[in-house]
Amino acid sequence: MIAIAPGRPARTAWRARAKTRIDYLEAQLEHVSVGPCPEGRMTLVEGTRNHLERARHVADENFGWQRPWSGSAAREGVWSNVRSAEVLLLQLVSDEEASGRASEVMALVKDHLDIDDPRRVRFARRLRAITSGQATRSDRDLMVRALDAAYNALDDELARVRSLRNILWTATFLVLLGVAGLAVYGWFYPQSLSMCFAPKVSPGDTSGIDVVCPTAEHHNVPTGTPASDLAQPRDILTVEIAGLAGAALTVIASLRRIRGTDSPYMLPLASAVLKFPTGALSAFLGLLLIRGAFVPGLSDLDSRAQVLGWAAAFGAAQHLVTRLVDDRAQMTLSEVGRTTEAVTDAERAAVKSGAAGEPVTPAVPTAFPDGTGEDEEPHEAATDGGDGEPGTDGLPPPHRRSGA
C-alpha cells in the first residue's frame with residue numbers, strides 16, 4: 001500500500017502540477033501492484049516507486065536562499081523522475097491497458113521523434129495491430145523504447161530552451177555591467193565622455209555661444225570654450241535613462257508577438273529584459289556617434305530636449321538588433337513538442353533502419369481525406385501483412401508531402 005504523504009503546499013505552479021501527476025502515477029502503481037508479483041515484476045514496481053518518491057522529495061524541498069539558482073535543477077529532477085516512472089509503469093500495465101495507451105504513446109512519438117527515426121517507423125507500422133489487441137511481447141518492448149526515446153528527445157528540447165535562457169540572462173548581466181560602468185566612469189570623469197553639443201555660430205560672432213548638455217543648457221558661453229568643459233556628472237546617467245525609456249516602448253510593442261507557452265524557464269521574459277540595458281547602451285553610443293559627426297546633419301543638437309529625444313530614439317532602435325534574439329527565442333520555443341509531419345521518407349528510413357541491421361520495406365503513401373498528404377495509420381495497414389510483418393508487394397518511389 002502506497003502512503004501518499006501530504007507534504008507542504010506547493011509554492012509554484014509547476015510544483016503543484018508535478019505533485020498532481022505524482023499522485024496520479026502512485027494511484028496507478030497501486031492498482032497494477034495489487035496481488036502477488038514475480039521477482040522481475042517486483043523490481044519494476046520498486047523502481048517506479050523509487051522514482052516517484054524522489055520526484056516528491058524534490059518537489060517538496062526548500063532550497064532557502066539558493067532557491068533562485070536551484071529552481072531549474074529542481075524542475076529537471078522532478079520531471080525526469082516522473083517520466084522514468086511512466087516508462088516503467090508502461091511495462092507493468094496489462095496488455096489491454098497497453099493497447100489503450102498505444103495512441104497516446106504514438107502522439108508523443110510524433111511530437112518529439114524525427115519522421116525517419118527507426119523507432120517511430122517501426123512503432124507506426126505496428127500501431128494498428130497493437131490497438132486491435134494483437135500486440136506481441138516485442139511490441140510492448142517497442143512501445144516502451146519509443147516512449148523512452150520520445151521523453152529523451154523532450155529533455156533535449158527543454159535543455160536547448162534552458163541553455164538559451166541562461167545565455168540571455170548572462171548577456172543581460174554583462175550589458176548591464178557595461179552600462180553601469182559607463183555611468184560610474186562618466187560620474188567621476190564627465191569631460192572624457194562628454195555628451196554636450198555646441199551649435200554652430202556665425203563666423204566672427206563674439207557674443208558667446210550656447211552649449212547644450214543632457215542635464216542643462218548654457219547660454220552666452222565665451223567663444224572658444226570647449227563644450228566638454230561644461231559636462232556634468234549626471235549626463236551619461238541621464239542619457240542611459242532616456243535610452244531605457246525608449247527600450248521600454250519597444251518591449252511593450254513586442255508583447256503583441258509573445259504567445260503563451262507551457263514550456264518552462266520563461267524564455268520570453270529573458271528576451272524582453274535584455275532590451276533594457278541594450279537600449280541604455282545604444283542611446284549612449286548613438287549620441288557619441290552624433291557628437292563625433294558620424295551622422296551628417298546631426299553633428300550639433302540645438303536643445304536639451306533634442307539630446308534626450310535622440311537618446312530615447314536610439315534606445316528604441318536597439319530593437320533592430322534584439323529582434324533577432326526574439327526570433328531565435330520564439331523558434332526555440334516552437335521546437336518544443338512541435339508536431340512533425342506524418343510522412344515517412346521511405347528512402348531515409350530504409351537507410352537508418354538498414355544501418356541498425358533491420359531491413360525496412362518503405363510504406364505505401366495514403367492521402368488524407370482532404371488530399372493534402374499521407375496519413376501514418378493507413379500507411380501502416382498498407383505495409384502490414386496479416387501476420388504483422390511488412391508487406392512484400394514491391395517498393396514504391398519515395399513520396400513527400402508537397403511543400404515539405
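Our structure is the block above this text.
Criteria and thresholds
Residues numbered from 1 in each chain as written. Predicted model: local features only at pLDDT ≥ 70, side-chain atom pairs only at ≥ 80, totals over all residues. Heavy atoms only, no water. Helix = DSSP H or I, 4+ residues; strand = E, 2+ residues; numbered from the N terminus. Expected span 1.5 Å × (residues − 1). Buried < 20%, exposed > 50% of the residue type's maximum accessible area, 1.4 Å probe, protein only. Arc of directions from axis to C-beta. Contact = heavy atoms within 4.5 Å. Core = buried A, V, L, I, M, F, W, Y, C linked by side-chain atoms within 4.5 Å. Salt bridge = Lys/Arg side-chain N within 4 Å of Asp/Glu carboxyl O. Polar contact = N/O pair within 3.5 Å; in protein donor to acceptor, adjacent residues only side chain to side chain. Axes fitted to C-alpha atoms, helices over the stretch in contact; angles between N-to-C directions. Parallel < 35°, antiparallel > 145°, perpendicular 65-115°, else oblique. Left-handed = near helix turned anticlockwise from the far one by under 90°. Nonpolar A, V, L, I, M, F, W, Y, C, P; charged D, E, K, R; others polar.

Student: Would you mind going over unusual backbone geometry with me for this structure?
Tutor: Trans is the prevailing form of peptide bonds, just as negative phi is the prevailing case for residues other than glycine. Positive phi, normally seen in glycine, also occurs at Asn220, with a value near 55 degrees. Summarising the element assignment, Asn220 is placed in strand E2 (residues 217-221).

Student: Help me out: how do you make sense of helix H2 (residues 39-60) in this one?
Tutor: Since the α-helix turns once every 3.6 residues, residues separated by three or four places project in the same direction. Taking 1.5 Å per residue as the helical rise, H2 with its 22 residues ought to reach 32 Å, and the 31 Å between its terminal C-alpha atoms agrees with that figure. Looking at H2, one finds that the buried residues are Val45, Gly47, Thr48, Arg49, His51, Leu52, Ala55, Arg56, Val58, Ala59 and Asp60.

Student: Sorry if this is basic, but what is going on with helix H10 (residues 304-317) here?
Tutor: The end-to-end C-alpha distance of H10, which contains 14 residues, comes to 20 Å, matching closely the 20 Å that a straight helix rising 1.5 Å per residue would cover. Along H10, the residues classified as buried are Val307, Ala311 and Gly315. Along the axis of H10, the buried residues cluster in a sector spanning 75 degrees; they form a single face. Residues of H10 that are buried in the fold lie against strand E1 (209-212), helix H7 (235-254) and helix H9 (275-291).

Student: Hey, could you run me through the nonpolar core in this one?
Tutor: A general trend in soluble globular proteins is that nonpolar side chains are found buried together. Val78, Val109 and Phe123 are the most contacted members of the largest nonpolar core, which totals 51 residues. When residues of this core are traced back to their parent elements, those giving at least two are helix H1 (13-32), H2, helix H3 (67-90), helix H4 (95-112), helix H5 (118-131), helix H6 (137-188), helix H8 (267-273) and helix H11 (319-334). A per-element tally of this core places H6 first, with 14 residues. When residues no more than four places from it in sequence are discounted, the contact partners of Val109 are Arg120, Phe123, Ala146 and Ala150. In this structure, Val212, Ala283, Ile290 and Ala311 belong to the second largest nonpolar core, which totals 14 residues.

Student: Just to check I follow, could you spell out the pattern of salt bridges for this structure?
Tutor: Two side chains carrying opposite charge are able to pair once their charged atoms lie near each other. Across all of its chains, the model carries 12 salt bridges by this definition. Measuring nitrogen to oxygen at the nearest pair gives 3.1 Å for the salt bridge that ties Arg162 to Glu76. One end of the pair, Arg162, is in helix H6; the other, Glu76, is in helix H3, and 86 residues separate them in sequence. For Glu76, a relative accessible area of 22% translates into the label partly exposed.

Student: Any chance you could explain the side chain of Thr322 here in plain terms?
Tutor: With respect to the helices and strands, the residue Thr322 is situated in helix H11. For Thr322, a relative accessible area of 3% corresponds to the buried category. A polar atom in the side chain of Thr322 sits 2.8 Å from the side chain of Gln318. Non-local contacts of Thr322, meaning those with residues more than four positions away in its chain, are made with Lys275 and Thr278.

Student: Please clarify how the packing of H4 against H5 should be interpreted in this entry.
Tutor: A pair of packed helices is characterised by two quantities: the angle between their axes and the separation of those axes. Where H4 contacts H5, the two axes come as close as 10 Å, and the packing angle between them is 155 degrees. Between H4 and H5, the angle falls in the class roughly antiparallel. Pair H4 / H5 crosses with left-handed handedness. Between H4 and H5, the contacting residues are Ser99, Ala102, Ser103, Val105, Met106, Val109 and Lys110 on the first element and Arg120, Phe123, Ala124, Leu127, Ile130 and Thr131 on the second. Split by residue class, the contact of H4 with H5 holds 8 nonpolar, 3 polar and 2 charged.

Student: Just to check I follow, could you spell out the environment of Thr238 for this structure?
Tutor: The topology assignment puts Thr238 in helix H7. If we skip the residues at most four places from it in the chain, Thr238 touches Pro214, Thr215 and Leu308. A distance of 2.7 Å separates a polar atom in the side chain of Thr238 from the backbone oxygen of Arg234.

Student: I tried to follow the side chain of His112 on my own but got confused; where do I start?
Tutor: With respect to the helices, strands and loops of the structure, His112 is situated in helix H4. Residue His112 is classed as buried on the basis of its relative accessible area, which comes to 12%. At 3.1 Å, the side chain of His112 forms a polar contact with the side chain of Glu157.

Don't take any of this as a statement about function, it's just geometry.
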